[in-house]
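# Commentary on secondary and tertiary structure
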Amino acid sequence: MIYYAAYYSTKNSKRVKNYAGEDKIDYICEAINNIGEDVILISNAKTTQRKFARSESIQLSEHTRLFYFSSLPRINMLIHVLDVLWGYMQLCIYVFLHVKKNDTVLVYHSLGYRGLWGFLRRIKKFNYVLEVEELFQAFQASTSSYKKKERRVFKYPDAYLFSNSLLAEEINILNKPSVIINGIYRKNVVENKTKGEKIKVVYAGSLEKQKGVDYVIASARYLHEKYEVHIIGFGTDKDIDRVNTLIEETKGIGSQVTYDGIYKGKEYLRYLQSCDIGICIQDESDEFNKYEYPSKIFSYLSNGLQVVANDLIQLRKSDIFPYLHIASSQKPKEVALAVESCSDSILDSYEILKILDEKFKEQIKSIIRR
């Protein structure tokens, strides 16, 4: 049996969402199912409600089941701390009762677990695979004590799943078995597009400043009026206010920019498929970004979009780099030039995504099967 531990919640659940990770978790579950393995997702996602949330089991697909641990009401900080401890206790009990020695536990790396999985691995002797999508601190000083201890967590797994080669080089110093998965290697069904009056450019993802959305908005000043720039994604109220302020400052200059809110599931796919070009610009100086692969690139490709990105080292070391339109820097004018270099045709990405998908499924067999 394959167990997959992650702070995961379904679209309609009243649990805290992990917007950045849930689509990729779904894809990995599907890939594991396709090689003949069942998956049980175990989630410690906390309730968003002011009442107790019971433990719950949900069948997501024929071969994937989700199990939520119960969660205390969202009332105050004291109850929150107790809820975290209660979640740890339930997780330990679940592992002791259900996980066997020959089972594999795939864990989505989170500071919330601290060293808990290393402890459970030593007791139960299961095959421990750690999925590392990003570093919460790039081995530098941090104001949080347990962030300083993040590196210690990486010595416990039997194998790794990395989002990019830089993480593999930094973390896997003992050369344990590992697989790199840059994004979601799945082509969605692209509806026939009708040519609109304007070319739709989209930025989808986190609205945090270091994720590059500010550069995308600023680039609109240098784009012809035949383009329109759309921002969709999630962030704090402060992030959303900053984005709307920047958009307001671009009015009447270059192309039109709008913030269109959050989309998920089928609505997200339909929205992307209504666009022509997807943008992924990240702050090259941000240490956090250095160790994170911009997986939104595959969201764009899988929905038939041309993709614009800046010249990041983790992209240069990936198989998808030749298929991207590269901005020579993150400067708004350079981003605009890269946008204008895109052709009007829909990118046929089926073959490259199919090859990467098959390659990933073959590789993951080697780390989840003992």
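Residues numbered from 1 in each chain as written. Predicted model: local features only at pLDDT ≥ 70, side-chain atom pairs only at ≥ 80, totals over all residues. Heavy atoms only, no water.

## Here we look at the packing of aromatic side chains
With the rule as written, the count across this model stands at 14 aromatic pairs. Note on Phe69 and Tyr94: the rings are 5.8 Å apart at their centroids and 85° apart in plane angle, and the pair reads as edge-to-face. With Phe69 in the loop between strand S4 (64-68) and helix H2 (77-98) and Tyr94 in helix H2, this pair connects stretches of sequence that are 25 residues apart. A single burial state applies to Phe69 and to Tyr94, both of which are buried. (Phe/Tyr/Trp six-rings, centres within 6.5 Å; stacked < 30°, edge-to-face > 60°. Helix = DSSP H or I, 4+ residues; strand = E, 2+ residues; numbered from the N terminus. Buried < 20%, exposed > 50% of the residue type's maximum accessible area, 1.4 Å probe, protein only.)

## Side note on the sheet that holds strand S12 (residues 277-280)
Read from one edge to the other, the open sheet built from six strands follows the order S11-S10-S9-S12-S13-S14, with strand pairing classed as parallel. Each having just a single partner strand, strand S11 (256-259) and strand S14 (325-327) make up the two edges of the open sheet. Across this sheet, the average inter-strand angle for adjacent strands is 25°, counted without regard to direction. Relative to S14, strand S13 (residues 306-310) is paired through three bridges, and the arrangement is parallel. Across the sheet, residue Ala309 finds its bridge partner in S14, namely Ile326. Relative to S11, helix H8 (residues 237-250) is tilted by about 160°, and along the sheet it contacts strand S10 (227-234) and S11. The sheet strands contacting helix H13 (residues 332-340) are strand S9 (199-206), S10, S12, S13 and S14, and the helix crosses S14 at an angle near 165°. (Pairing = 2+ DSSP bridges. Axes fitted to C-alpha atoms, helices over the stretch in contact; angles between N-to-C directions. Contact = heavy atoms within 4.5 Å.)

## Section: the environment of Tyr4
Position of Tyr4 relative to the elements: it lies in strand S1 (residues 2-5). Tyr4 sits in the buried class, given a relative accessible area of 0%. Tyr4 sits 125 residues away from Val129 along the chain, and the two C-alpha atoms are 9.4 Å apart. In this structure, Tyr4 is in contact with Ile25, Ile28, Cys29, Val39, Ile40, Leu41, Ile42, Leu106, Tyr108 and Glu131, ignoring residues within four places of it in sequence.

## Topic: the pattern of salt bridges
Pairs can form between side chains of opposite charge once their charged atoms are near each other. Applying the stated rule across the entire model yields 16 salt bridges. Two residues, Lys11 and Glu267, come together in a salt bridge whose shortest N-O distance is 2.9 Å. Note that Lys11 is positioned in the loop between S1 and helix H1 (22-34) and Glu267 in helix H9 (residues 265-273), a separation of 256 residues in sequence. Glu358 is the salt-bridge partner of Lys361, the closest N and O atoms lying 3.4 Å from each other. Placement of both Lys361 and Glu358 in helix H14 (residues 350-368) is noted, with a separation of three residues, approximately one turn of the helix. Using a relative accessible area of 41% as the deciding quantity, one classes Glu358 as partly exposed. (Salt bridge = Lys/Arg side-chain N within 4 Å of Asp/Glu carboxyl O.)

## Concerning H2
Here H2 contains 22 residues, and its C-alpha end-to-end distance of 31 Å stays within 8% of the 32 Å for a straight helix at 1.5 Å per residue. Buried residues of H2: Asp83, Gly87, Tyr88, Gln90, Leu91, Cys92, Tyr94 and Val95, and no others. Each element contacted by the buried residues of H2 is listed here: S1, strand S2 (39-43), S4 and helix H3 (116-124). Between the side-chain oxygen at the start of H2 and the backbone nitrogen of Leu78 there is a gap of 3.2 Å, and the oxygen is on Asn76. (Expected span 1.5 Å × (residues − 1). Polar contact = N/O pair within 3.5 Å; in protein donor to acceptor, adjacent residues only side chain to side chain.)

## Some points on the nonpolar core
Nonpolar side chains in soluble globular proteins tend to end up buried together. Within the largest apolar cluster, 52 residues are counted, with the highest numbers of intra-cluster contacts made by Tyr4, Ile28 and Phe360. Ranked by residue count, the leading element in this core is H14, at seven residues. In terms of nonpolar packing, the next biggest core, distinct from the first, is built from 31 residues, Ile40, Cys92, Val105 and Tyr113 among them. (Core = buried A, V, L, I, M, F, W, Y, C linked by side-chain atoms within 4.5 Å.)

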